[in-house]
Amino acid sequence: MPDFTGDPKSHDASEFADGMTGSCLCGSITVNIKDSELFSGRRGHLCHCENCRKISGSYVAANLLIEEDKVEIKDRDGTLKIYEDKATGSGNSVFRKFCSVDGNPISSETQLYPGKIVLKMGIFPRIPQPEAEGFGLHKHAWQGDHEGVDTYEIKWAGPERKKMN
């Protein structure tokens, strides 16, 4: 049997006391999170909106909304591209960054969260336990609930958020 890599359980959270680095599949783009609190509690969110599902290529996207000054993105080979997603429920564009070689999603930015960036957590060796799920109304009927994770009808952040029962 081949020696597989990528098992998140092989990384203790203490490895990331000063932050964490991830990369796209081809290695051209690296993202460094400089946050000593990354694994100190629940962080990030799962998003079930159609656009996040499409960009992740999955039934849910694992995201982390974080301050821009805690993130460093390096584009070694010039492969980072931006797609302006105008098909949003808010009417505000979401600027989705991805690697043009391997298609790996990297991050998203929107004026709804000034000074913050949404990182796509699949590029990292370990993902913090999420604190919330957004677009809970869009979950598939077969999806279960995550213990301790609050699920919101649509938005999980901001004044218009509404928790599901």
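The preceding data block contains the structure.
Predicted model, so just to flag it, every value in this text is computed and none were measured. (Residues numbered from 1 in each chain as written. Predicted model: local features only at pLDDT ≥ 70, side-chain atom pairs only at ≥ 80, totals over all residues. Heavy atoms only, no water.)

Novice: So what's going on with the nonpolar core? Residues and values would help.
Specialist: Grouped together as the largest cluster of nonpolar side chains are 17 residues, with contacts concentrated most on Met 20, Val 31, Ile 33, Ile 66, Leu 119 and Phe 124. Mapped by element, the contributors of at least two residues to this core are strand E2 (29-33), strand E4 (61-67) and strand E9 (116-120). Per-element tally for this core: the top contributor is E2, with three residues. With six residues, the next largest nonpolar core counts Ala 132, Tyr 152, Trp 156 and Ala 157 among its residues. (Core = buried A, V, L, I, M, F, W, Y, C linked by side-chain atoms within 4.5 Å. Buried < 20%, exposed > 50% of the residue type's maximum accessible area, 1.4 Å probe, protein only. Helix = DSSP H or I, 4+ residues; strand = E, 2+ residues; numbered from the N terminus.)

Novice: I'd like to hear about the environment of Glu 147, residue by residue, with values.
Specialist: Position of Glu 147 among the secondary structure elements: in the loop between strand E10 (132-134) and strand E11 (150-151). When its relative accessible area of 75% is taken as the criterion, Glu 147 is described as exposed. Along the primary structure Glu 147 and Ala 87 are separated by 60 residues, whereas in three dimensions their C-alpha atoms are 32 Å apart. When sequence neighbours within four positions are dropped, the list of residues in contact with Glu 147 reads Arg 42 and Gln 129. (Contact = heavy atoms within 4.5 Å.)

Novice: How would you sum up the layout of surface pockets? Please name residues and give values.
Specialist: To find leftover empty space, a probe the size of one water molecule is rolled over the atoms. Put simply, the largest pocket is a space of about 540 Å³. In terms of lining, the largest pocket is formed by 27 residues, of which the most central are Cys 47, Cys 49, Cys 52, Val 94 and Phe 135. Residue assignment for the lining of the largest pocket shows that the elements contributing at least two residues are strand E3 (45-47), helix H1 (50-56), E4, strand E7 (94-99), strand E8 (105-110) and E9. Ranked by the residues each element gives to the lining of the largest pocket, the list is headed by H1, at three residues. Classifying every residue of the lining of the largest pocket by side-chain character gives twelve nonpolar, eleven polar and four charged. Lining the second largest pocket are 20 residues, with Ser 56, Val 60, Ala 61, Ala 62 and Gly 122 sitting closest to its centre. Per-element accounting of the lining of the second largest pocket gives the leading share, three residues, to E4. Its residues assigned to classes, the lining of the second largest pocket comprises ten nonpolar, eight polar and two charged. (1 Å grid on protein atoms, 1.4 Å probe; cavity = no way out; pocket = protein on both sides within 12 Å on 5 of 7 lines; lining within 4 Å. Points joined across faces, edges and corners; volume = space filled by probe spheres on them. Nonpolar A, V, L, I, M, F, W, Y, C, P; charged D, E, K, R; others polar.)

Novice: Account for the sheet that holds strand E1 (residues 20-23), with residues named and values stated.
Specialist: What the three strands build is an open sheet, ordered E1-E2-E5; its pairing is antiparallel. At either end of the open sheet lies a strand with only one pairing partner, and these are E1 and strand E5 (71-75). Each strand of the sheet is rotated relative to its neighbour by a mean of 15 degrees, with strand direction disregarded. In this sheet, E2 lies alongside E1 in antiparallel orientation, the contact comprising four bridges. In the sheet register, Gly 22 faces E2, and the bridge partner there is Val 31. (Pairing = 2+ DSSP bridges. Axes fitted to C-alpha atoms, helices over the stretch in contact; angles between N-to-C directions.)

Novice: Got a sec to walk through the pairing of E9? Specific residues and values, please.
Specialist: Where burial is concerned, most of E9 is hidden: four out of the five residues are buried. Bridge analysis of E4 against E9 gives five bridges, and the strand direction is antiparallel. Counted as the bridge partner of Glu 67 is Lys 116 from E9. Pairing of E8 with E9 involves two bridges; the strand directions are antiparallel. Counted as the bridge partner of Ser 107 is Leu 119 from E9. Hairpin connection between E8 and E9: a loop of five residues separates the two successive antiparallel strands, and Gly 115 in this loop has a positive phi of roughly 80 degrees.

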